[in-house]
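# Chains, contacts and geometry: an overview
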Amino acid sequence: MKKTLSLLLLLSLVLSLASCGQKTTTDDPVAAATLAESYQSYLDTAEPSYAYDIALELTTNPEYFNAEQGGRNAGSDAEHAAADYLVGVMKDIGLADVEKQAAQCDRWQFNSASLTIDGKDYNVYTYATASTPAEGLTAEVVYVNKGTRQDYEGLDVTGKIVLLDIDQRNDWWITYPMLEAMHQGAVGVLAANVGGFAQIADDALNSQDICGPVGIPTLSIGVADAKEIQEKLKAGSVSATMKVDNEVEIDAGTTYNITGVLKGKSSDHQILVGGHYDVHFQGFQDDNCAVGLVLAMANAMVKSGYQPENDIVFCLHGAEEWGSSYTQYDWTVGAWEMINHVHPEWVGKTLAFLNFELPAYEFGSYTSTYSAPEMFSMLDYFANEYAYSPDPEGCFSDGVLTEGYQTYTYSDDFSYYAAGVPSTVNGFLLQKDMETVFPFYEEIYHSQYDTPDTYNENVMKFNLRYYGALAMYIDQTPALYLDFTSQYDRIAASLDEDLMAEVGVDMAEYKAALENLKTAAEAKKAQVEEVNAAYLEAREKGETDKLADLWQQGRTLTEQNLKAFEYAQKHLLGLMYERPIVPHEAPQENIQLCRDVIDCLKTGDVQTAVDEYAWTVNNVLEWYAMYFSPETIAVQDDMLWGEDNKDNLYWGTDIGFTKADVDAATRSIYDRYDEKGGDFSKEIAVYEAAVKAQTQILKDLGSEETQSMKELADLLA
């Protein structure tokens, strides 16, 4: 069982009394207070009410919203006003070097939106899309079901407003029906969330990042209102006036990342603690509560007199919900700009970035931390063995799960992780299977129901205490606990050895490099654990004569680990659309899926080909190809792979995959779904050509990964 905390506290308190009157200089690698005293003082000082009050201010003060419906968007006046408020709070806390750090973004300011039919005003909310003329856009409304290419057959929507149903979790993002409506000639979109998001009530609205061009005015409308309009359409034509005042300006915005520093004894390294302060609607949980938590942590550390070994930088990011047009990767722009353009020197200097999302809601009976895989062992040790990690009280009855959950692409931490900074975020989105979302996301997320009514004080208190203690643990530990055996595990689990050998990868050399990496990683992990254990023991026993040497040994290991971590992400982290992968997984997966499709088509089993395989090629991008016109998919492809758009990929830069070019065949077999005994030779030829192209990609990536594993092992030696 973890945590002999009471005994350690007693021992530390005795030692602290014995050392009264002894002066500790700022050069000593140990704080004046014992570990137990430092942690207890922080825990006693951490106030969830402080976090709540800040979250409430950012949720209810109209100064921090652009529109009556809410919204504090990237580069907007409201975002800038909130930035000034946060600067004031950081200064009041007593942090050093408080500043607004400017970063480039596309500017979006939502000022107002309305929809009027037959004299009735309907409640609506906008996406980061085009405005209407000031007097509004009056046009006929046409219901187009889900808004797919098939749904437009026999309809003329030129110059009209389309009303459609959308499920952005199980079907597709708003991008696709919006682009299809544009292609079909529509001038505006009304989207009702019949599934996926905003399911808490029939009047719930929803907004997401658009992942596309500015396009045409696109509004969210409640399901009940959408059904009412459909009933009107059954009686005859319906005319609507849509007014949207959106300022979406390309390459014309400035967002601010707000920073303040709790100075450490040394500024050679730092720990970063952050969240984002831009919101959809009023955004109480997402992410005003995180802003409150970050500032409450800073306030508690300052008030408790905590003297860190390293700088602790508190950073509140702008432009997280959206920050750029015409890109598939339009979120976490403020964070990406921060680590890549504003402070690239933070890579190799930052021991960890602790990020927060929706930290005052009890998503389930357990909680977890998503992180870079190299941090799994550290998080497991901290939660289950370290004496000073707090347990949940009054929430998360099943405790903190530590099996290891890789951070996904949906929050600011991924931008830092991909850049080479060890990063975490509290478990806020996916359940422990890392596939199923928590109910909050289907019910409340990004809707007007994200209000203070969702607040759980016990959850806020736990996160404030737990992650504050985690920051202190990392700060007080000489060797950053990164475990690169996790790289071995993820690579080994990703391999289809037979297929890789078939395409020409030297699997004997590949596996030898992988095993060598494991050996080097295990040795480095053992060194880190040995130094850290010796240091902790010396601190608890008051053996101050040993501390300086152990601290220096740890710093040497830390430098090696940080260099290795940056290298690993640059060479062994890939993306398949939004899914983090080992780079070879993309062609490996595509080859097998294309072969499965070919096998089905050769026997005339087109339905199995479509239902089980074809739609999952290219990480399900072929699903969209089935339902939307080539012109719509061309925009998607240009955003991801267009030569002129390669500098607009943010956290997807240089880690994306090469698409299997099968759209035409995918669309064709979908359209021929009910055909019996047909000739599918043309489609088979397309899939075979894709297999050939992906084969060369897989072979090349296998060779590159072999070399990368060798070099990573050398860095760990």
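Given the structure is predicted, the values throughout are model-derived calculations rather than measurements.

### Here we look at the overall build of the protein
In terms of helices and strands, the protein carries 22 helices and 16 strands. Principal-axis analysis of the C-alpha atoms places the extent of the protein at approximately 90 × 65 × 45 Å. Here the protein holds 717 residues, and the buried ones make up 62% of them. By sequence separation, contacts in the protein at least 24 residues apart represent 82% of the contacts at least 6 residues apart. Taken as a whole, the protein presents about 25800 Å² of accessible surface, with 48% of it coming from carbon and sulfur. Positive and negative side-chain charges in the protein, numbering 46 and 115 respectively, have mean positions lying 3 Å apart.

### Concerning the side chain of Thr402
Positionally, Thr402 belongs in strand 13 (residues 400-406). For Thr402, the side chain forms a polar contact with the side chain of Asp380, separated by 2.6 Å. When near neighbours in sequence (up to four residues on either side) are disregarded, Thr402 contacts Leu379, Asp380, Ala383 and Asn384.

### So, helix 17 (residues 585-602)
With 18 residues, helix 17 extends 26 Å from end C-alpha to end C-alpha; this agrees with the ideal 26 Å at 1.5 Å per step. Among the 18 residues that make up helix 17, 13 are buried, leaving the element largely enclosed by the rest of the structure. Looking one or two places after helix 17, you find Gly604, whose phi comes out positive at around 80 degrees.

### Topic: the pattern of salt bridges
Taken as a whole, this structure holds 25 salt bridges when the rule is applied. Linking Asp118 and Lys232 is a salt bridge whose minimum nitrogen-to-oxygen distance equals 3.4 Å. One end of the pair, Asp118, is in the loop between strand 1 (96-117) and strand 2 (120-122); the other, Lys232, is in helix 6 (residues 223-235), and 114 residues separate them in sequence. Taking the relative accessible area as the measure of exposure, Asp118 reaches 65% and is therefore exposed.

### A closer look at the packing of helix 8 (residues 333-342) against helix 10 (residues 412-419)
Between helix 8 and helix 10, the least distance of the axes is 8 Å, while the angle of their chain directions is 25 degrees. With respect to their mutual orientation, helix 8 and helix 10 come out roughly parallel. Between helix 8 and helix 10 lies a crossing whose hand is right-handed. Where helix 8 abuts helix 10, its residues Ala335, Trp336, Met338, Ile339 and Asn340 lie against Asp412, Ser415, Tyr416 and Ala419. Partitioning the contact of helix 8 with helix 10 into residue classes produces six nonpolar, two polar and one charged.

### Quick look at unusual backbone geometry
At the junction of Asp286 and Asp287, the peptide bond is cis and its omega measures out at 15 degrees in the coordinates. Structurally, Asp287 can be placed in helix 7 (residues 284-303). Although it is not a glycine, Asn145 sits at a positive phi angle of roughly 55 degrees. Relative to the elements of secondary structure, Asn145 occurs in the loop between strand 4 (137-143) and strand 5 (161-167). Judged by relative accessible area, Asn145 falls into the partly exposed class, the value being 35%. With a phi angle near 55 degrees, His446 is a residue other than glycine that sits in the positive phi range. Among the structural elements, His446 can be located in the loop between helix 11 (439-443) and helix 12 (457-475). For His446, a relative accessible area of 5% translates into the label buried.

### Some words on helix 3 (residues 48-60)
With 13 residues, helix 3 ought to run about 18 Å at 1.5 Å a step, and its terminal C-alpha atoms sit 18 Å apart, in line with that. Residues of helix 3 that are buried include every one of Pro48, Ala51, Ile54, Ala55, Leu58 and Thr59, and no others. Along the long axis of helix 3, the arc covered by the buried residues comes to 135 degrees, so they all point the same way. Summarising the contacts, the buried residues of helix 3 are in contact with helix 4 (77-93), helix 7 and helix 12.

### Considerations on the state of the cysteines
Disulfide: a covalent bond connecting the sulfur atoms of a pair of cysteines. All chains considered together, the criterion is met by zero disulfides. As a non-bridged cysteine, Cys211 has Cys105 as the owner of its nearest cysteine sulfur, 16 Å distant. Take Cys289: it sits in no disulfide, and the sulfur closest to it among the cysteines is that of Cys395, at 14 Å.

### Comments concerning the pairing of strand 10 (residues 310-317)
Across the eight residues of strand 10, eight count as buried, placing the element largely inside the fold. Pairing analysis gives five bridges linking strand 8 (residues 239-262) to strand 10, with the strands arranged antiparallel. Following the sheet pairing, Gly260 is matched in strand 10 by Phe314. Sheet analysis places strand 9 (residues 266-276) next to strand 10, joined by eight bridges and oriented parallel. Along strand 10, the bridge assignment pairs Val273 with Phe314. Following the chain from strand 9 across helix 7 to the adjacent parallel strand 10, one finds a crossover that is right-handed.

### Observations concerning the nonpolar core
Counting residues in each nonpolar core, the largest one holds 224 residues, and the members touching the most others are Met297, Met301, Phe314, Tyr441, Ile474, Ile669 and Tyr687. Once you skip the residues sitting within four places of it in the chain, Tyr687 turns out to touch Cys594, Val597, Ile598, Leu601, Ala614, Val662, Ala665, Thr666 and Ile669. In terms of nonpolar packing, the next biggest core, distinct from the first, is built from 13 residues, Val313, Ala335, Ile339 and Ala419 among them.

### Some remarks on the environment of Tyr467
Its place among the elements puts Tyr467 in helix 12. Aside from chain neighbours lying at most four places away, what touches Tyr467 is Met297, Leu354, Phe356, Ser368, Thr369, Asn426, Gly427 and Phe462.

### Observations regarding the packing of aromatic side chains
The description of an aromatic ring pair uses the distance of the two centres, along with the angle that the planes make with each other. Per the stated rule, a full pass over the model turns up 52 aromatic pairs. Considering the side-chain rings of Tyr176 and Phe628, the 5.7 Å spacing of their centres and the 35 degrees angle between planes classify their relative orientation as tilted. Highlighted residues: Tyr176 in helix 5 (residues 175-184) and Phe628 in the loop between helix 19 (621-627) and helix 20 (630-641), separated in sequence by 452 residues. Judged by its relative accessible area of 0%, Phe628 is buried. Here the aromatic cluster, defined as three or more aromatic residues joined through ring pairs, consists of Tyr39, Phe356, Tyr381, Phe382, Tyr386, Tyr388, Phe396, Phe462, Tyr466, Tyr467, Tyr473 and Tyr481.

### A look at the side chain of Thr407
As for its placement among the helices and strands, Thr407 is situated in the loop between strand 13 and helix 10. Exposure remark for Thr407: the relative accessible area of 1% places this residue in the buried category. Those residues in contact with Thr407, other than ones at most four positions away along the chain, are Tyr370, Ser371, Ala372, Asp413, Phe414, Tyr417, Val425 and Pro580.

### Thoughts on the pairing of strand 13
One ladder, built from four bridges, connects strand 12 (residues 367-371) with strand 13; its direction is parallel. Bridging from a neighbouring strand, Ser368 pairs with Leu401 of strand 13. After leaving strand 12, the chain enters helix 9 (residues 376-384) and then returns to the sheet as strand 13, a path that is right-handed.

### What about the packing of helix 16 (residues 544-572) against helix 22 (residues 681-716)?
The contact between helix 16 and helix 22 brings their axes to 9 Å, and the two run at 175 degrees. With respect to helix 22, the axis of helix 16 lies roughly antiparallel. Contact residues: helix 16 offers Gln560, Asn561, Lys563, Ala564, Tyr567, Ala568, His571 and Leu572, while helix 22 offers Glu705, Gln707, Ser708, Glu711, Leu712, Leu715 and Leu716.

How each quantity is defined
- Residues numbered from 1 in each chain as written.
- Predicted model: local features only at pLDDT ≥ 70, side-chain atom pairs only at ≥ 80, totals over all residues.
- Heavy atoms only, no water.
- Helix = DSSP H or I, 4+ residues; strand = E, 2+ residues; numbered from the N terminus.
- Buried < 20%, exposed > 50% of the residue type's maximum accessible area, 1.4 Å probe, protein only.
- Contact = heavy atoms within 4.5 Å.
- Areas by Shrake-Rupley, 256 points an atom, 1.4 Å probe, with all protein chains shown as cover.
- Lys, Arg positive; Asp, Glu negative; His and termini not counted.
- Charge placed at Lys NZ, Arg CZ, Asp CG, Glu CD.
- Polar contact = N/O pair within 3.5 Å; in protein donor to acceptor, adjacent residues only side chain to side chain.
- Expected span 1.5 Å × (residues − 1).
- Salt bridge = Lys/Arg side-chain N within 4 Å of Asp/Glu carboxyl O.
- Axes fitted to C-alpha atoms, helices over the stretch in contact; angles between N-to-C directions.
- Parallel < 35°, antiparallel > 145°, perpendicular 65-115°, else oblique.
- Left-handed = near helix turned anticlockwise from the far one by under 90°.
- Nonpolar A, V, L, I, M, F, W, Y, C, P; charged D, E, K, R; others polar.
- Arc of directions from axis to C-beta.
- Disulfide = S-S within 2.5 Å.
- Pairing = 2+ DSSP bridges.
- Right-handed = clockwise from strand over helix to strand, strands pointing away.
- Core = buried A, V, L, I, M, F, W, Y, C linked by side-chain atoms within 4.5 Å.
- Phe/Tyr/Trp six-rings, centres within 6.5 Å; stacked < 30°, edge-to-face > 60°.

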